[in-house]
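Architecture and fold: a report
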Amino acid sequence: MVGYCPTCGKPVYFGEKKRSLGRDYHPLCLKCFRCKRQLTAGQHAEYDEKPFCSNCYMKLFGPRGNR
Ligand SMILES: [Zn+2]
Ligand SMILES: [Zn+2]
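An account of the accompanying structure is given in this report.

Cut-offs applied
Residues numbered from 1 in each chain as written. Chains lettered and ligands numbered in written order. Predicted model: local features only at pLDDT ≥ 70, side-chain atom pairs only at ≥ 80, totals over all residues. Heavy atoms only, no water. Helix = DSSP H or I, 4+ residues; strand = E, 2+ residues; numbered from the N terminus. Rg over C-alpha atoms; globule rule 2.2 N^0.38 Å. Buried < 20%, exposed > 50% of the residue type's maximum accessible area, 1.4 Å probe, protein only. Contact = heavy atoms within 4.5 Å. Areas by Shrake-Rupley, 256 points an atom, 1.4 Å probe, with all protein chains shown as cover. Lys, Arg positive; Asp, Glu negative; His and termini not counted. Charge placed at Lys NZ, Arg CZ, Asp CG, Glu CD. Donors = N, O, S within 2.8 Å, 3.2 Å for Na, K, Ca; no water.

Topic: the overall build of the protein chain
Regarding its fold elements, the protein chain presents one helix and six strands. Each helix and strand of the protein chain, placed in order from N terminus to C terminus, yields the pattern β-β-β-β-β-β-α. Whereas a compact globule of 67 residues would reach a radius of gyration of roughly 11 Å, the protein chain reaches 12 Å, a difference of no more than 12%. Here the protein chain holds 67 residues, and the buried ones make up 30% of them. A separation threshold of at least 6 residues defines the contact pool for the protein chain, and within that pool the share at least 24 residues apart is 13%. For the protein chain, the accessible area works out to roughly 4700 Å², and carbon and sulfur atoms hold 50% of it. Distance from the positive charge centre (13 side chains) to the negative charge centre (5 side chains) of the protein chain: 8 Å.

Structure, rendered in structure tokens:
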């Protein structure tokens, strides 16, 4: 099964995927959608299916679980 990278929208194949929070990314695409900082799998926030670092997430959307 081929998934689609939330960051660039292209297919992610088995050998190149990096899984985080239940989504498959290209290794280079696992980065904050806003500041482009590289993210650690499982250690970032997401909103609207896009990955964000916790800094940007706080700035944009406020504390986690408060929406
Ligand atoms: Zn990608
Ligand atoms: Zn960021």
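Structural notes on the coordination of the zinc ion (ligand 1)
Protein ligation of the zinc ion (ligand 1) involves Cys5 (SG), Cys8 (SG), His26 (ND1) and Cys29 (SG), the donor distances falling in the range 2.0 to 2.3 Å. Going along the chain, you hit the donors of the zinc ion (ligand 1) in the pattern C-x2-C-x17-H-x2-C. Residue Cys8 is located in the loop between β1 (3-4) and β2 (11-12), and its partner Cys29 is located in the loop between β4 (23-25) and β5 (45-47); the two are separated by 21 residues in the primary sequence.

Points about the environment of Leu28
Following the sequence through the fold, Leu28 ends up in the loop between β4 and β5. Of the residues examined, Leu28 reaches a relative accessible area of 67% and is grouped as exposed.

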